[in-house]
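Structure at a glance
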Amino acid sequence: MLFRISGGFYSQPPSYKELRDYDGKIHPKVKAQKSIHLVAGNDYSFTLWERPFKLTTELYYKNLTDLNAYSVDNVRIRYRADNATDAYAYGLDVRLNGEFVPGNDSWVSFGYLKTEENINNQGYIARPTDQRLKFSVLFQDYVPNIPDLKAYLNIVYNTGLPGGSPAYSDVYQYQHRLNDYKRADVGISYIFTDASKNNNTGFLTNFKELTVGLELFNLFDVRNSITNTWVRDAYSKQQYRIPNYMIGRVLNFKIGMEF
């Protein structure tokens with residue numbers, strides 16, 4: 001077992017974009033954002049089913065001051081440029097990786113995050129990066145009688161991020177979240193040649209490595225949203241959010257070559 005503890009004080013000077021407020025006015029006196037980080041971690045290496053495994057765990061806490069808060073309007077980030085925000089973040093990351101199938105590394109990971117900000121002492125609300133839960137699995141396998149024919153399954157589940165707010169609005173009035181992110185990918189590949197094979201004749205002698213694969217991303221064609229576009233109703237002046245969806249199911253063919 002290996003234990004780690006670390007910490008630091010960080011100061012991040014603003015970029016040009018962070019000097020501009022919602023109205024586009026430049027504020028050259030915006031100060032650097034500051035944070036204090038504390039991280040404690042553990043690596044536990046062990047043997048299971050006569051194969052190597054490793055469990056990595058990290059706990060972290062961050063205290064953030066002089067923040068230049070921002071909001072997300074569609075794909076545009078708008079900064080306040082006033083250093084009037086304090087915030088915090090804490091969480092846990094756990095990852096188990098090892099040879100669930102002999103000779104193939106797979107892993108399972110879990111993450112918990114909570115981060116909130118307090119703008120002008122109005123109270124704490126979720127920051128735009130407050131994605132509470134993250135879970136993912138990557139499992140790799142091969143055909144026992146044909147070890148060069150490999151397959152993988154990748155599963156991801158994340159709870160929804162805050163959905164942003166319309167331009168020039170009070171972010172405290174828009175605290176809804178996007179829908180949860182769900183995705184599954186599958187892929188197969190065949191290794192025609194690599195460093196472990198000796199091909200002294202034929203076409204494959206031109207390659208150090210040649211791999212061909214087929215992948216299907218977003219297997220179940222889930223409509224995952226990434227941001228919102230805000231539309232104002234001319235009669236009621238009400239703002240309505242229209243989700244911007246990411247790409248759906250995709251079939252990908254790939255060839256890997258090394259000469």
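One can find the structure itself at the top, above this paragraph.
The shown structure was predicted, so the numbers you read here are calculated from the model rather than taken from an experiment. (Residues numbered from 1 in each chain as written. Predicted model: local features only at pLDDT ≥ 70, side-chain atom pairs only at ≥ 80, totals over all residues. Heavy atoms only, no water.)

Further remarks concern the overall build of the chain. Broken down by element type, the chain carries zero helices and 15 strands. Along the first, second and third principal axes, the C-alpha set of the chain runs to 70 × 50 × 30 Å. For the chain, the proportion of its 259 residues judged to be buried stands at 34%. Taking the intrachain contacts of the chain between residues at least 6 apart in sequence as the baseline, contacts between residues at least 24 apart amount to 60%. On the chain, roughly 15900 Å² of surface is accessible, and the fraction owed to carbon and sulfur atoms is 57%. (Helix = DSSP H or I, 4+ residues; strand = E, 2+ residues; numbered from the N terminus. Buried < 20%, exposed > 50% of the residue type's maximum accessible area, 1.4 Å probe, protein only. Contact = heavy atoms within 4.5 Å. Areas by Shrake-Rupley, 256 points an atom, 1.4 Å probe, with all protein chains shown as cover.)

Now for the packing of aromatic side chains. A full pass over the atoms with the stated rule returns 12 aromatic pairs. Measuring from ring centre to ring centre gives 5.8 Å for Trp49 and Phe53, while their planes differ by 80°; the resulting arrangement is edge-to-face. By relative accessible area, Trp49 is classed as exposed at 53%. An aromatic cluster of three or more residues is present, and its members are Tyr44, Phe46, Trp49, Phe53 and Phe100. Sitting above the plane of the Trp107 ring, Arg95 keeps its charged end 4.2 Å from the centroid. (Phe/Tyr/Trp six-rings, centres within 6.5 Å; stacked < 30°, edge-to-face > 60°. Lys NZ or Arg CZ within 6 Å of the ring centre and 35° of its normal.)

Turning to its location among the elements, Gly160 is positioned in the loop between β10 (146-158) and β11 (181-193). With 23 residues separating them along the chain, Gly160 and Val137 place their C-alpha atoms 18 Å apart. Residue contacts for Gly160: discarding those within four places in its chain leaves Asp130, Arg177, Leu178, Asn179 and Asp180.

Right, let's get into the pattern of salt bridges. Considering all chains together, one arrives at 12 salt bridges under this definition. The salt bridge involving Asp82 is made with Arg80; its shortest N-O contact spans 3.0 Å. On the accessibility criterion, Arg80 (24% relative accessible area) is partly exposed. A salt bridge links Lys254 to Glu215; the nearest nitrogen and oxygen atoms lie 3.5 Å apart. Highlighted residues: Lys254 in strand β15 (residues 250-258) and Glu215 in strand β12 (residues 209-217), separated in sequence by 39 residues. Of the residues examined, Glu215 reaches a relative accessible area of 9% and is grouped as buried. Overlapping salt bridges, with partners in common, bring together Arg4, Asp43, Lys54 and Glu58 in one network. (Salt bridge = Lys/Arg side-chain N within 4 Å of Asp/Glu carboxyl O.)

Right, let's talk about unusual backbone geometry for a bit. The phi torsion at Trp49 lies on the positive side, around 55°, for a residue other than glycine. Here Trp49 lies in the loop between β2 (33-48) and β3 (51-67). Here the phi dihedral of Ala81 falls at roughly 60°; this positive angle occurs in a residue that is not glycine. Along the chain, the position of Ala81 falls in the loop between β5 (76-79) and β6 (85-101). A relative accessible area of 5% means that Ala81 is categorised as buried.

Turning our eyes to something else, we now look at a nonpolar patch on the surface. A cluster of nonpolar residues, Ile188, Leu214, Leu251, Phe253, Ile255, Met257 and Phe259, forms a patch on the protein surface that exposes about 760 Å² of accessible area. Considering each element in turn, the nonpolar patch owes the most residues, four residues, to β15. The residue Phe253 is located in strand β15 in this model. Classification of Phe253 by relative accessible area gives exposed; the value is 52%. (Patch = residues over 30% accessible without salt bridge, like charges linked within 9 Å, V, L, I, M, F, W, Y side chains within 5 Å.)

In terms of nonpolar packing, the biggest core is built from five residues, these being Tyr22, Ala69, Ile119, Ile125 and Val171. Not counting chain neighbours up to four residues away, the residues in contact with Val171 comprise Tyr22, Ser71, Ile119, Ile125 and Ser165. (Core = buried A, V, L, I, M, F, W, Y, C linked by side-chain atoms within 4.5 Å.)

Okay, the pairing of β5 next. Where strand β4 (residues 70-73) and β5 come together, four bridges link them in antiparallel fashion. Across the sheet, residue Val72 finds its bridge partner in β5, namely Ile77. As consecutive antiparallel partners, β4 and β5 are separated by two residues, and within that stretch Asn74 has a phi angle of approximately 60°, a positive value. (Pairing = 2+ DSSP bridges.)

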